[in-house]
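Examining the three-dimensional arrangement
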Amino acid sequence: MKTLIIYSSETGNTKMVCEKAFEYINGEKVIIPIKEKDSINLDEFDNIIVGTWIDKANANSEAKKFINTLANKNLFFIGTLAASLTSEHAKKCFNNLRKLCSKKNNFVDGVLARGRVSEDLQEKFTKFPLNIIHKFVPNMKEIILEADAHPNETDFLLIKDFIGKNFNN
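To keep things clear, this report deals only with the structure shown in the data block. (Residues numbered from 1 in each chain as written. Predicted model: local features only at pLDDT ≥ 70, side-chain atom pairs only at ≥ 80, totals over all residues. Heavy atoms only, no water.)

Focus on the overall build of the protein
Helix and strand content of the protein: seven helices and six strands. Mapped from its N terminus to its C terminus, the protein presents α and β elements in the order β-α-β-β-β-α-β-α-β-α-α-α-α. The proportion of buried residues among the 169 residues of the protein is 43%. Counted over contacts in the protein with a minimum sequence separation of 6, partners at least 24 positions apart contribute 78%. Just so you have it, the protein exposes about 9200 Å², and 51% of that area is on carbon and sulfur atoms. (Helix = DSSP H or I, 4+ residues; strand = E, 2+ residues; numbered from the N terminus. Buried < 20%, exposed > 50% of the residue type's maximum accessible area, 1.4 Å probe, protein only. Contact = heavy atoms within 4.5 Å. Areas by Shrake-Rupley, 256 points an atom, 1.4 Å probe, with all protein chains shown as cover.)

In structure tokens, the structure reads:
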């Protein structure tokens, strides 16, 4: 089985967890950023893992556009977000990614890991009241501070378990 990990990463969080996933996979594998998608033949891969950062409770636009070009693939995702993985927001993100990956493909599984908030977004938060940007998240400052230490070993363990369950059995 040949596996492709293809990712979009704004701050390096998604790249980092996808590189960990790549390390953990046994067997034939390739990892590339989505920007290099035209350099490979997708038909050579039995499984595709799409790495995406979360934007508006779904895949970021680059990853979403790529996923929408796929059909009849065994598809997995690795998503990164700032919010707690037990939050309602994380559950919504997982469900939205599952739906996106299931449209024209055989969605198999996905995993979320935490990541720090980009400097750009943090700067926006200092210029505007948080209730304007994220009006439904009253504890956004706490989420940002807590997410700053991620991805970390806890996140990497989630990735390792995800890879072990889906690829190394």
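We are not done yet, so read on.
Observations concerning the pattern of salt bridges
In this structure the tally under the stated criterion is nine salt bridges. When the shortest N-O distance is used, the salt bridge between Lys-15 and Glu-19 registers 3.9 Å. Of the two residues, Lys-15 and Glu-19 are both situated in helix H1 (residues 13-24); the distance of four residues between them amounts to about one turn of the helix. Each of Lys-2, Glu-28 and Glu-44 takes part in salt bridges that share partners, so that together they form one network. (Salt bridge = Lys/Arg side-chain N within 4 Å of Asp/Glu carboxyl O.)

Comments concerning helix H2 (residues 61-69)
Those residues of H2 not exposed but buried are Ala-63, Phe-66 and Ile-67. The arc enclosing the buried residues of H2, seen along the axis, measures out at 100 degrees, which places them on a common side. Across from the buried face of H2, at angles greater than 90 degrees, the exposed residues are Ser-61, Lys-65 and Thr-69. Here the buried face of H2 lies against strand E1 (2-7), strand E3 (47-55), strand E4 (58-59), strand E5 (74-81) and helix H3 (88-102). (Arc of directions from axis to C-beta.)

Here we look at the pairing of E5
Along E5, seven of the eight residues are buried, which leaves the element largely enclosed by surrounding structure. For the handedness criterion, the β-α-β arrangement of E5, H3 and strand E6 (residues 106-114) is classed as right-handed. (Right-handed = clockwise from strand over helix to strand, strands pointing away.)

Structural notes on the packing of aromatic side chains
Counted under the stated rule, the structure contains five aromatic pairs. Here the aromatic rings of Phe-76 and Phe-162 are separated by 6.3 Å at their centres, their planes lie at 80 degrees, and the arrangement is edge-to-face. In this pair, Phe-76 sits in strand E5 while Phe-162 sits in helix H7 (residues 153-166), placing the two residues 86 residues apart along the sequence. For the pair shown, Phe-76 and Phe-162 are each scored as buried. (Phe/Tyr/Trp six-rings, centres within 6.5 Å; stacked < 30°, edge-to-face > 60°.)

Focus on the nonpolar core
Within the largest apolar cluster, 25 residues are counted, with the highest numbers of intra-cluster contacts made by Ile-6, Ile-48, Val-50, Leu-75, Leu-81 and Leu-112. Of all the elements in the fold, those that place two or more residues in this core are E1, E3, H2, E5, H3 and E6. Non-local contacts of Val-50, meaning those with residues more than four positions away in its chain, are made with Ile-6, Ala-63, Phe-66, Ile-67, Leu-75, Phe-76, Phe-77 and Ile-78. Ranked by size, the runner-up nonpolar core spans 16 residues in total, among them Ala-21, Phe-76, Val-111 and Phe-156. (Core = buried A, V, L, I, M, F, W, Y, C linked by side-chain atoms within 4.5 Å.)

Comments concerning the environment of Leu-85
The topology assignment puts Leu-85 in the loop between E5 and H3. Classification of Leu-85 as partly exposed rests on a relative accessible area of 30%. Expressed as a C-alpha distance, the spacing of Leu-85 and Val-111, which sit 26 residues apart in the sequence, is 9.8 Å. Each residue touching Leu-85, except ones within four places of it in the same chain, is listed here: Ala-90, Leu-112, Ala-113, Arg-114 and Leu-158.

Digging into the packing of H1 against H7
It is the contact of H1 with H7, at a shortest axis distance of 9 Å, that shows an interaxial angle of 40 degrees. With respect to H7, the element H1 is oriented oblique. The interaxial crossing formed by H1 with H7 has right-handed handedness. Residues Met-16, Val-17, Lys-20, Ala-21 and Tyr-24 of H1 pack against Phe-156, Ile-159, Lys-160 and Ile-163 of H7. (Axes fitted to C-alpha atoms, helices over the stretch in contact; angles between N-to-C directions. Parallel < 35°, antiparallel > 145°, perpendicular 65-115°, else oblique. Left-handed = near helix turned anticlockwise from the far one by under 90°.)

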